[in-house]
Amino acid sequence: MNELIPLMVIVPMIAALLLSAFSKFDKVIKVLAFVVAFCLPIIPLVSNYGLHYFGGYQPVLEPITNMTYHPAITYSFNFMQQIFIAIIGLLTFLVIFIYLTKYKKVSGPYLFLVFMGTAAVTALILTDDIFNMFVFFEILALAQVGIVAASSIDYSYEMALKYMILGSIGSPIMLLGIGFLLALTGSVNITDIVLAIRSGIVNFKSPVFLISLGLIFFGWLYASGLPPFHTIKSGIYSKAEPHGAALLQSFTVISMISIVLILFRVYSVLPIFEVLIVLFSVLAMILGVSLALTQTDFRRMIGFLAVGELGFIGLGIGLGTQFSITAGLFQALNEIVITALLFIGFGAIVNATNEVDTRKLGGLLAYHPKVSIMLLIGGLAMAGVPPLSGFQSKLMLVQASLSCGYPELSILAIMVSIATFVVFVKTFYSMFLRPKPHDLDVVTKDVPRAMIFAMAVLLIIVIAFGLFPDVVTNGISQYVGGMIH
Amino acid sequence: MKLYDQIFNVVKTFKKLFSPGPVTNADVSGSITSEIFLIVSLLMSALLLRHLSILLTGLVLLILAVVLITNIPLIPKFKIEQEDSLEKMLFYAIVTLGIIVAFMYWGGNFV
């Protein structure tokens, strides 16, 4: 059933267009959005692994060099793609579910942006074509800007505009890098590019090749929100609706790993590539967590923590071994789920109090015990407390850096985890445990059931991945082994 | 308590600038934690230079330790540099691009 591979992108894209076109018919778009969102996590689970060549153009064997070329845009679907697309589909479903139940009249254009973003990240992780990757990277950036601008939070337009202006630097520079790579290898298919480099057709010491790495790497920093883009990334999370922020951070994580895996395949012949990734990942970990410690706006705090967690993913990939990359990808999967849980949970608190300043909150444990316990477990998972999923991936990362001969990175990873724990405990105490301030009005006592449902689903995944990490890591490890050998 | 008082005063000043409100114990302890975390983690990262040269590592560690400790409190300075101002974001984006290109130019020789 390889026909299902392109459908993973086409279904949300067509749904996005239909939802936008029929936005006047409220009931119709509600039903359509729900049905499509429900199908999104199912399609990757029922699809077989394999390749899909758009237009049916099969690979061509070139008789003189005896090399195979890929004329078509190729999508590659394996366990790694399956698990990430399924998780992103599930998250989209939960976000759509929260959105549909929250508003009586829904916005077609907003649903368009959500589905278009999902289609773009799905394509990013499937594609084996570097130009196709860039196109969807651009679509994703615009969808992210739209989701932030569409929120009703103060200054969301301003933050969205700033993100777009910074994108106007990041994206063309990435495109320039892709242009250099195309000029050097004559192909945009990543398998063909890798083959050209490994067979010696392209000199990887050439300055053009090196500069293409620098330029694409800079674009990747923008896509993933690593420094210097960590401020704007945490900013857009804090200015989006909570369910929107949950989806935005998952878009960021997926675009980060999709692009860095492509970069890894092409540039891992250069030792400098891994140094660059580790350098920026360490910087992200330090800056993200130290800035989170000083925040009083809890949305911004989670935004910075999310950026710090991205550093762990980068660290795993930068170490460059099969075990470390597996750990990095597992960390990515966990981060998507845990951060989404925290954004939705804290969103429920905003819903109930209309307050985001931790200094003005307090005593909410008595009002929202379910939310607070689920948030507590989510926060502990993010800090890497056993037996939750964050612990498993962070332990793997610490082991990976030790076995690579970098004990300082292991210590740093543990320190960042402890600091994350401090951030979370401090915030949890301020919001839930200390006495309620007299001037705090709890607007509605009931948290929307859709939010509780979404948190419970995500929490089950966090606990399941924590207890049975092998279910995911074995498959990812096999994929990584195939990629690096 | 000297460090606590010092950080308390700085947090108080910055609270006036960024987010008016009372300075709580949690704010100050958060700032102290981030201060210590920042210094230790930067020194720990500098240790990675030992893979290039041990002498260089020692030198960098000493200089970094002196610079960081004499400049306490660091977090407010970091925070000012990482506010939501578009000018600063653009500035650091361009500086980073410059660093990456320089890194490629010289670092490329070590390939």
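Owing to the predicted nature of the structure, the values given are computational and were not obtained by experimental measurement.

### Points about the overall build of chain B
- Each helix and strand in chain B was counted, giving five helices and zero strands.
- Beginning at the N terminus, the succession of helices and strands in chain B can be written as α-α-α-α-α.
- A buried classification covers 17% of the 111 residues belonging to chain B.
- Nonlocal contacts in chain B, meaning residues at least 24 apart in sequence, comprise 47% of its contacts between residues at least 6 apart.

### Quick word on the overall build of chain A
- Along the backbone of chain A there are 19 helices and four strands.
- In terms of principal-axis extent, the alpha carbons of chain A reach across some 80 × 55 × 40 Å.
- Considering chain A as a whole, with its 485 residues, one finds that 59% of them fall into the buried category.
- Restricting to contacts in chain A with at least 6 residues of sequence separation, those with at least 24 account for 79%.

### Quick word on the interface of chain A and chain B
- With 38 residues of chain A at the contact, the number on the chain B side is 36 residues.
- Mapped onto the side of chain A that touches chain B, the elements with two or more residues apiece are α7 (156–185), α9 (207–224), α10 (230–239), α12 (271–293) and α17 (407–433) of chain A.
- Class assignment for the residues of the side of chain A that touches chain B results in 25 nonpolar, seven polar and six charged.

### Here's the deal with the packing of helix α14 (residues 322–353) of chain A against helix α15 (residues 369–383) of chain A
All names here are of chain A.
- Remark: α14 packs on α15, axes separated minimally by 9 Å, with the N-to-C direction vectors making an angle of 150 degrees. At the point where α14 passes α15, the crossing takes the left-handed sense. Contacts between α14 and α15 involve Ile 338, Leu 341, Leu 342, Gly 345, Ala 348 and Ile 349 from the former and Val 371, Met 374, Leu 375, Gly 378, Gly 379, Ala 381 and Met 382 from the latter.
- Along the lines of polarity and charge, the residues of the contact of α14 with α15 split into 10 nonpolar, three polar and no charged.

### Points about the packing of α12 of chain A against helix α2 (residues 25–46) of chain B
- Interhelical geometry of α12 of chain A versus α2 of chain B gives an angle of 170 degrees and a closest axis separation of 8 Å. The angle between α12 of chain A and α2 of chain B falls in the class roughly antiparallel. Across from Val 282, Ile 286, Val 289, Ser 290 and Leu 293 of chain A in α12 of chain A, the residues of α2 of chain B making contact are Gly 30, Thr 33, Ser 34, Phe 37, Leu 38, Ser 41, Leu 42 and Ser 45 of chain B.
- Looking at the contact of α12 of chain A with α2 of chain B, its residues break down into seven nonpolar, six polar and no charged.

### Some remarks on the environment of Ser 255 of chain A
Residues and elements named next belong to chain A.
- Positionally, Ser 255 belongs in helix α11 (residues 242–267).
- Classification of Ser 255 as buried rests on a count of 26 C-beta atoms within 10 Å.
- Separated by 131 residues in the primary sequence, Ser 255 and Leu 124 place their C-alpha atoms 6.6 Å from one another.
- The residues contacting Ser 255, other than those within four sequence positions of it, are Val 121, Leu 124, Phe 137, Leu 140, Ala 223 and Ser 224.

Definitions and cut-offs
- Residues numbered from 1 in each chain as written.
- Chains lettered and ligands numbered in written order.
- Predicted model: local features only at pLDDT ≥ 70, side-chain atom pairs only at ≥ 80, totals over all residues.
- Helix = DSSP H or I, 4+ residues; strand = E, 2+ residues; numbered from the N terminus.
- Buried ≥ 20, exposed ≤ 12 C-beta atoms within 10 Å, placed from the backbone.
- Contact = placed C-beta atoms within 7 Å.
- Nonpolar A, V, L, I, M, F, W, Y, C, P; charged D, E, K, R; others polar.
- Axes fitted to C-alpha atoms, helices over the stretch in contact; angles between N-to-C directions.
- Left-handed = near helix turned anticlockwise from the far one by under 90°.
- Parallel < 35°, antiparallel > 145°, perpendicular 65-115°, else oblique.

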